[in-house]
Amino acid sequence: MNGPALSIQTLDKVYANGLKALDQVTLEVRRGEIFALLGPNGAGKTTLIGAVCGIVQPSGGRIEVFGHDNIREYRKARSHIGLVPQELTTGMFETVWNTVSFSRGLFGKPANPLYIEQLLKNLALWEKKDTQLRMLSGGMKRRVLIAKALSHEPDLLFLDEPTAGVDVELRKSMWAQVRRLREMGVTVILTTHYIEEAEEMADRIGVINKGRLIVTEDKKTLMHKLGRKELLLDLYKPLEALPPSLAGLGLRIAEGGMRLVFTYDPAQENNGVVSLLDRLREEGVKCKDFNTRESSLEDIFVQLVGDS
Ligand SMILES: Nc1ncnc2c1ncn2[C@@H]1O[C@H](COP(=O)(O)OP(=O)(O)O)[C@@H](O)[C@H]1O
Ligand SMILES: [Mg+2]
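Residues numbered from 1 in each chain as written. Chains lettered and ligands numbered in written order. Predicted model: local features only at pLDDT ≥ 70, side-chain atom pairs only at ≥ 80, totals over all residues. Heavy atoms only, no water.

*Asks:* Mind showing me how you'd approach the site of ligand 1 here?
*Replies:* Contacts to ligand 1 come from Tyr15, Asn17, Leu19, Ala21, Pro40, Asn41, Gly42, Ala43, Gly44, Lys45, Thr46 and Thr47. Separating an oxygen atom of ligand 1 from a backbone N or O atom of lysine 45 is a distance of 2.9 Å. Taking threonine 47, its side chain carries an N or O atom lying 2.5 Å from an oxygen atom of ligand 1. The greatest single-element share of the shell around ligand 1, amounting to three residues, is contributed by helix 1 (residues 45–53). (Near = heavy atom within 4 Å. Polar contact = N/O pair within 3.5 Å; in protein donor to acceptor, adjacent residues only side chain to side chain. Helix = DSSP H or I, 4+ residues; strand = E, 2+ residues; numbered from the N terminus.)

*Asks:* Would you mind going over the sheet that holds strand 10 (residues 212–218) with me for this structure?
*Replies:* Backbone hydrogen bonds are what pair the strands of a sheet, in a parallel or an antiparallel way. The strand order 6-7-8-3-9-10 describes an open sheet built from six strands, whose pairing is mixed. Two strands close off the open sheet at either side, each with one partner strand: strand 6 (81–84) and strand 10. Each strand axis lies, on average, 15 degrees off the axis of its neighbour in the sheet, ignoring direction. As judged from the six bridges shared by strand 9 (residues 204–209) and strand 10, these two strands associate in the antiparallel manner. Note that in strand 10 the partner of arginine 204 across the bridge is aspartate 218. Packed onto the sheet, helix 1 meets strand 3 (34–38), strand 6, strand 7 (156–160), strand 8 (187–192) and strand 9 and runs at close to 150 degrees relative to strand 7. Across the sheet, helix 5 (residues 138–150) lies against strand 6 and strand 7, angled at about 160 degrees from strand 6, the strand it touches most. (Pairing = 2+ DSSP bridges. Axes fitted to C-alpha atoms, helices over the stretch in contact; angles between N-to-C directions. Contact = heavy atoms within 4.5 Å.)

*Asks:* Please explain helix 6 (residues 168–183) as it appears in this structure.
*Replies:* Residues three or four positions apart in an α-helix share a direction because the helix packs 3.6 residues into each turn. Between the first and last C-alpha of helix 6 there are 23 Å, a value that for 16 residues agrees with the 22 Å anticipated at 1.5 Å per step. If you check which residues of helix 6 are buried, you get Leu170, Arg171, Met174, Trp175, Gln177, Val178 and Leu181. The buried residues of helix 6 occupy an angular sector of 165 degrees when projected down its axis, which confines them to one face. Exposed and facing more than 90 degrees away from the buried side of helix 6 are Val168, Glu169 and Glu183. Contact partners of the buried residues in helix 6: strand 3, helix 4 (113–122), helix 5, strand 7, strand 8 and helix 7 (195–201). After helix 6 finishes, the residue glycine 185 shows a positive phi value of roughly 95 degrees. (Expected span 1.5 Å × (residues − 1). Buried < 20%, exposed > 50% of the residue type's maximum accessible area, 1.4 Å probe, protein only. Arc of directions from axis to C-beta.)

*Asks:* Help me out: how do you make sense of the packing of helix 5 against helix 6 in this one?
*Replies:* For any two helices packed against each other, the geometry is given by the interaxial angle and the distance between the axes. Running from amino to carboxyl end, helix 5 crosses helix 6 at an angle of 20 degrees, the nearest separation of the two axes being 10 Å. Judged on the interaxial angle alone, helix 6 and helix 5 are roughly parallel. At the point where helix 5 passes helix 6, the crossing takes the right-handed sense. Contacts from Gly138, Gly139, Arg142, Arg143, Ile146 and Leu150 of helix 5 reach helix 6 at Leu170, Met174, Gln177 and Leu181. When its residues are assigned to classes, the contact of helix 5 with helix 6 shows five nonpolar, three polar and two charged. (Parallel < 35°, antiparallel > 145°, perpendicular 65-115°, else oblique. Left-handed = near helix turned anticlockwise from the far one by under 90°. Nonpolar A, V, L, I, M, F, W, Y, C, P; charged D, E, K, R; others polar.)

Spelled out as structure tokens, the structure:
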């Protein structure tokens, strides 16, 4: 079987209070990729994960996990999924070993101490296997949650805001951990409101806002598309409208006609700046001053999310 790990079609969720948390979400996540669902707080990320994991009942649409309908074949679908929830709640007096083994049992899987041992070693938790959770550092607790989520050998792992409220060092070690999971063949879907995290981790990125998936794109394409620079040209005389010869270049008028803004891709050799300057001269448009400005990913994200 070679279909996608996850296929979501026109998924809707309206909560009992009338709030539309998901609005016609359609998405496919490929096997073996790290997919980042990027969106501000309240965008619907946790709701989406909940719907896939059978925690939230969708109002419409369809979800398949490795080809299994997550309602008609719930147990099969769910057995493929590991979930690392946003909130850390777990029995603090249990040992690492017992917690993780117990989780596996919940999925009706026969005990497999060798698998659990390997898992704990992979997550650098082996030394702590007999330690109670309450004695662990924050980073280790997070890793225990991952071990729990992987205890039943799922091949699709959800990480809901894995590094929210976590310090920089721990964030980096989490990122390394997630990469290792991919090397183990696990498909990873993580949610985040950190652009940097999506940029660092993801093969593909989906941007969600107000329950709508605005963009789904390969990271490189997205970053390329979004990684723009602006050339700001301050004019001597205001321009009321763009002369026809300057139309279609991606030029816009700002500051009441006193400024032209040209957006271009700095990565491209033929980025249009030189020919723009030529055309301005031909048109007799004179510039008093010019500046360039790099649109940060933050800017772009805000713009993307603000537009929708
Ligand atoms: N059980 C619920 N009842 C009503 N509204 C909810 C419930 N859970 C979440 N919401 C609302 O749905 C929207 C999406 O929430 P959520 O999926 O948690 O977003 P995110 O994880 O992206 O921050 C938010 O406006 C939130 O307040
Ligand atoms: Mg959330």
